[in-house]
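This is what each chain is made of:
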Amino acid sequence: MARFWVCVAGAGFFLAFLVLHSRFCGSPVLRNFTFAVSWRTEKILYRLDVDWPKHPEYFSGTTFCVAVDSLNGLVYIGQRGDNIPKILVFTEDGYFLRAWNYTVDTPHGIFAASTLYEQSIWITDVGSGFFGHTVKKYSSFGDLVQVLGTPGKKGTGLNPLQFDNPAELYVEDTGDIYIVDGDGGLNNRLIKLSQDFMILWLHGENGTGPAKFNIPHSVTLDSAGRVWVADRGNKRIQVFDKDTGEWLGAWNNCFTEEGPSSVRFTPDGKYLIVAQLNLSRLLVVAAPPVGSIGECSVISTIQLADQVLPHLLEVDKKTGAVYVAEIGAKQVQKYVPLNSYVPAFGS
């Protein structure tokens, strides 16, 4: 039986003990674990939804990524392993719907870009097989719609466009695409593509200076037109203008111990949720005002159990729920905001 401890640091200390469902007992990481949540301020923003998903037995591999189609209330999960379905589809309430595996080799990042007229799922594939080193668009049922890159061949080329371990992407409502390419491969670059897949701008050099990267691992946008990149190897977040690609600044003061592995904004734009993989930690960071980057300011911290390893996360643009793909625990967990959100953009 698994144990769940919550520790809140503020005016005083509050300790609560909960008995979680026996579904966690199948995981070697989560068996008899202690789960500590340490809040640096009195703000308690989220609670763990211990009943999500309803059918965790479908987590049969290592869960690397998660996407939320808030328009249709669907959650997509990418997992790795032999002879298992690579993509799982759940409802936001946690009920399993379907799984598919067609042309998916080794998923790393996933993004849901649905509109009123189309349900689209984008996947970055880092596999070494025929479908690897690509960024691919699928329908909700797994039909392959579009392939970017040269399938099965890693590279640095721009014409044709090639990838090497593309980490993640973010798709705007306009159809423009932002890709971070280089989870330890040949490339360390941020690429913006138009809706017809033409390169609009890119930053693509390994290094520690402005607009240079060392394992760019996650990318997201805010409502002010700024692109935020988790530059994991350099232990910082870099910020760019989405239209021009101009470098606007960087945050590194929050990441002296561990670089960021995933970045997503809350629907109201007030906070940036950041995952730190090897520390098994989530940070809730105050978003800067328009026209300023400033320094990183942590509002609260969620400390997960050792070796849970949160890899990538997603935030539901309607409800504000945070879904975390954990490669150590081999599961996805859902955190629910204590206050209701009114989406500021993207819904």
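Residues numbered from 1 in each chain as written. Predicted model: local features only at pLDDT ≥ 70, side-chain atom pairs only at ≥ 80, totals over all residues. Heavy atoms only, no water.

A. View of the overall build of the protein chain. From N to C terminus, the protein chain includes zero helices and 27 strands. In the protein chain, buried positions account for 57% of the 347 residues. Long-range contacts, defined here as pairs at least 24 residues apart, represent 49% of the contacts in the protein chain between residues at least 6 apart. Roughly 14100 Å² of accessible area belongs to the protein chain as shown, and the carbon and sulfur atoms make up 51% of that amount. (Helix = DSSP H or I, 4+ residues; strand = E, 2+ residues; numbered from the N terminus. Buried < 20%, exposed > 50% of the residue type's maximum accessible area, 1.4 Å probe, protein only. Contact = heavy atoms within 4.5 Å. Areas by Shrake-Rupley, 256 points an atom, 1.4 Å probe, with all protein chains shown as cover.)

B. Region of interest: the pattern of salt bridges. Applying the stated criterion across every chain, the model contains twelve salt bridges. For Asp181, the salt bridge identified is with Arg189, shortest N-O distance 3.0 Å. Judged by its relative accessible area of 0%, Asp181 is buried. The partner of Arg236 in a salt bridge is Asp231, and the shortest N-O contact between them spans 2.8 Å. (Salt bridge = Lys/Arg side-chain N within 4 Å of Asp/Glu carboxyl O.)

C. A look at the sheet that holds strand β26 (residues 322-326). Strand order across the open sheet formed by four strands is β4-β27-β26-β25, with antiparallel pairing between neighbours. Looking at which strands have only one partner, the edges of the open sheet turn out to be β4 (46-48) and β25 (310-315). Here the average twist between neighbouring strands, direction ignored, is 25°. (Pairing = 2+ DSSP bridges. Axes fitted to C-alpha atoms, helices over the stretch in contact; angles between N-to-C directions.)

D. Representation of empty space enclosed by the protein in the model. Across all of its chains, the model carries two cavities of 30 Å³ or more by this definition. Approximately 30 Å³ is the volume attributed to the second largest cavity. (1 Å grid on protein atoms, 1.4 Å probe; cavity = no way out; pocket = protein on both sides within 12 Å on 5 of 7 lines; lining within 4 Å. Points joined across faces, edges and corners; volume = space filled by probe spheres on them.)

E. Representation of the side chain of His203 in the model. Relative to the elements of secondary structure, His203 occurs in strand β16 (residues 199-203). At a separation of 2.6 Å, a polar atom in the side chain of His203 contacts the main-chain carbonyl oxygen of Gly245. Discounting chain neighbours no more than four positions away, the residues touching His203 are Asn188, Arg189, Leu190, Ala211, Phe213, Phe240 and Gly245. (Polar contact = N/O pair within 3.5 Å; in protein donor to acceptor, adjacent residues only side chain to side chain.)

F. Molecular detail of the sheet that holds strand β21 (residues 262-265). The four strands are arranged β21-β22-β23-β24 in an open sheet whose pairing can be described as antiparallel. Each edge of the open sheet is held by one strand with a lone partner, namely β21 and β24 (298-303). Strand-to-strand twist of the sheet, defined as the mean angle between neighbouring strand axes without regard to direction, takes the value 20°. Here β21 pairs with strand β22 (residues 271-276) via four bridges, running antiparallel. Note on β22: the bridge partner recorded for Arg264 is Ile273.

Read these as spatial facts, not as claims about activity.
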